[in-house]
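So you can see what is in the structure, the chains are spelled out below.
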Amino acid sequence: NAGVTQTPKFQVLKTGQSMTLQCAQDMNHNSMYWYRQDPGMGLRLIYYSASEGTTDKGEVPNGYNVSRLNKREFSLRLESAAPSQTSVYFCASSFGGWNTEAFFGQGTRLTVV
Amino acid sequence: AQRVTQPEKLLSVFKGAPVELKCNYSYSGSPELFWYVQYSRQRLQLLLRHISRESIKGFTADLNKGETSFHLKKPFAQEEDSAMYYCALRTGFQKLVFGTGTRLLVSP
């Protein structure tokens with residue numbers, strides 16, 4: 001039972017470099033999410049996709065782009081990484097119906113130097 | 001705008017003491033509220049949801065629409081309850097937002 005799978009688990013980038021964080025779920029979920037987790041700030045929503053073909057900004061979208069490639073996959077792209085984007089990134093998915101549970105990936109620890 | 005507030009960053013109690021983790025929300029519509037827990041080196045996972053009115057691992061949470069609160073309670077804390085707890089709110093547009101979290105530390 002894979003659930004929500006994120007790649008990579010760890011990454012170090014230099015300022016200005018670009019990269020894409022991958023997320024895939026095998027639960028046939030409609031909604032997918034990207035969060036960043038920072039000490040003292042909890043989980044902040046970057047982008048979400050309520051259903052295949054739609055994406056919307058969350059609380060902290062600046063510096064990021066997303067692609068809902070298909071129902072399974074939701075990628076997060078950093079076009080020009082900055083030290084302020086050093087964080088732990090979590091992908092999550094849910095069916096999206098009333099009171100349905102969100103399932104989380106194991107996280108990607110990103111350091112921008 | 002939707003907002004979830006968890007006023008305590010850290011809650012430290014002794015084993016056997018009662019625990020209450022506070023959560024207040026701001027949302028004009030009909031809220032869906034959840035508590036998620038993150039144990040050390042584990043994925044974030046659902047603890048309970050308001051619609052179920054269930055007790056999980058001895059924890060309960062009651063939605064109080066008048067006070068816009070969804071506090072998490074347990075009468076007798078255990079050491080294995082030590083974890084990071086997040087309150088979460090989902091809107092009708094499937095936007096799921098979290099509070100800043102409360103770290104619960106239960107000492108022997």
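Residues numbered from 1 in each chain as written. Chains lettered and ligands numbered in written order. Predicted model: local features only at pLDDT ≥ 70, side-chain atom pairs only at ≥ 80, totals over all residues. Heavy atoms only, no water.

1. A closer look at the overall build of chain B
Counting its regular elements, chain B contains 0 helices and 11 strands. What you see in chain B, going N to C, is helices and strands ordered as β-β-β-β-β-β-β-β-β-β-β. Taking 2.2 N^0.38 as the reference for a compact globule, 108 residues should give roughly 13 Å; the C-alpha atoms of chain B span a radius of gyration of 13 Å, in line with that estimate. Here the C-alpha coordinates of chain B stretch approximately 40 × 30 × 25 Å along the principal axes. Across the 108 residues of chain B, 47% fall into the buried class. Contacts in chain B between residues far apart in sequence, at least 24 positions, make up 57% of those at least 6 positions apart. Accessible surface, chain B: about 5500 Å² in total, of which carbon and sulfur atoms supply 50%. With 15 positive and 9 negative side-chain charges, chain B shows a spacing of 7 Å between the two charge centroids. (Helix = DSSP H or I, 4+ residues; strand = E, 2+ residues; numbered from the N terminus. Rg over C-alpha atoms; globule rule 2.2 N^0.38 Å. Buried < 20%, exposed > 50% of the residue type's maximum accessible area, 1.4 Å probe, protein only. Contact = heavy atoms within 4.5 Å. Areas by Shrake-Rupley, 256 points an atom, 1.4 Å probe, with all protein chains shown as cover. Lys, Arg positive; Asp, Glu negative; His and termini not counted. Charge placed at Lys NZ, Arg CZ, Asp CG, Glu CD.)

2. A few points about the packing of aromatic side chains
Throughout the structure, instances matching the rule amount to 11 aromatic pairs over all chains. An angle of 45 degrees between the planes, with centres 6.1 Å apart, marks the rings of Phe34 of chain B and Tyr36 of chain B as tilted. By relative accessible area, Phe34 of chain B is classed as buried at 0%. Chaining the aromatic ring pairs together yields one cluster made of Tyr33, Tyr35, Tyr48 and Phe104 of chain A together with Phe34, Tyr36, Tyr86 and Phe98 of chain B. (Phe/Tyr/Trp six-rings, centres within 6.5 Å; stacked < 30°, edge-to-face > 60°.)

3. Let's talk about the sheet that holds strand β7 (residues 60-61) of chain B
Residue and element names in this part refer to chain B. In space, the 3 strands of this open sheet follow the order β3-β8-β7, with antiparallel pairing throughout. In the strand order of this sheet, the two ends are held by β3 (19-21) and β7, each with one partner. Alignment of β3 against strand β8 (residues 72-74), held across 3 bridges, turns out to be antiparallel. Within β8, the residue paired with Glu20 across the bridge is Lys73. (Pairing = 2+ DSSP bridges.)

4. What about the nonpolar core?
Formed by 44 residues in total, the largest nonpolar core has its most connected members in Tyr35 and Phe104 of chain A together with Trp35, Tyr36, Leu72, Tyr85 and Phe98 of chain B. If you tally residues by element for this core, the top one is strand β9 (residues 83-90) of chain B, at 7 residues. Not counting residues within four places of it along the chain, the set of residues in contact with Phe104 of chain A comprises Val4, Tyr35, Phe90, Cys91 and Ala92 of chain A together with Tyr36, Arg43, Leu44 and Phe98 of chain B. Core analysis: the second largest hydrophobic core is formed by 20 residues, Cys23, Val60, Tyr64 and Val66 of chain A among them. (Core = buried A, V, L, I, M, F, W, Y, C linked by side-chain atoms within 4.5 Å.)

5. Examining the confidence of the model for chain A
Put simply, chain A has an average pLDDT of 94, and 99% of its residues get 70 or more. Within chain A, no element has a lower average pLDDT than strand β5 (residues 42-49) of chain A, which sits at 94, and none a higher one than strand β8 (residues 74-78) of chain A, at 98. (pLDDT = per-residue confidence, 0-100.)

6. Some words on the pattern of salt bridges
All chains considered together, the criterion is met by 8 salt bridges over all chains. In this structure, Arg36 of chain A and Asp38 of chain A form a salt bridge, with 2.8 Å as the shortest nitrogen-oxygen distance. A residue is classified by how much of its surface remains accessible, and Arg36 of chain A, at 8% relative accessible area, is buried. The partner of Lys73 of chain B in a salt bridge is Glu20 of chain B, and the shortest N-O contact between them spans 3.7 Å. One end of the pair, Lys73 of chain B, is in strand β8; the other, Glu20 of chain B, is in strand β3, with 53 residues separating them in the sequence. (Salt bridge = Lys/Arg side-chain N within 4 Å of Asp/Glu carboxyl O.)

7. Brief notes about the interface of chain B and chain A
Often, the extent of an interface is quoted as the loss of accessible area on bringing the components together. Each partner contributes to the interface: chain B provides 24 residues, whereas chain A provides 26 residues. Around 2100 Å² of area is buried between chain B and chain A when both sides are counted, 50% of it from carbon and sulfur atoms. For the pair chain B and chain A, the interface holds 1 salt bridge. Inspection of the region where chain B meets chain A yields 9 residue pairs in polar contact (both at pLDDT 80 or more). Sorting the residues of the side of chain B that touches chain A by element identifies β5 (32-38), β6 (45-49), β9 and β10 (96-98) of chain B as the ones contributing at least two each. When residues in the side of chain B that touches chain A are grouped by element, the largest group, 5 residues, is from β5 of chain B. Of the residues contributing to the side of chain B that touches chain A, the split by class is 12 nonpolar, 6 polar and 6 charged. (Buried area = accessible area lost by both parts, 1.4 Å probe. Polar contact = N/O pair within 3.5 Å; in protein donor to acceptor, adjacent residues only side chain to side chain. Nonpolar A, V, L, I, M, F, W, Y, C, P; charged D, E, K, R; others polar.)

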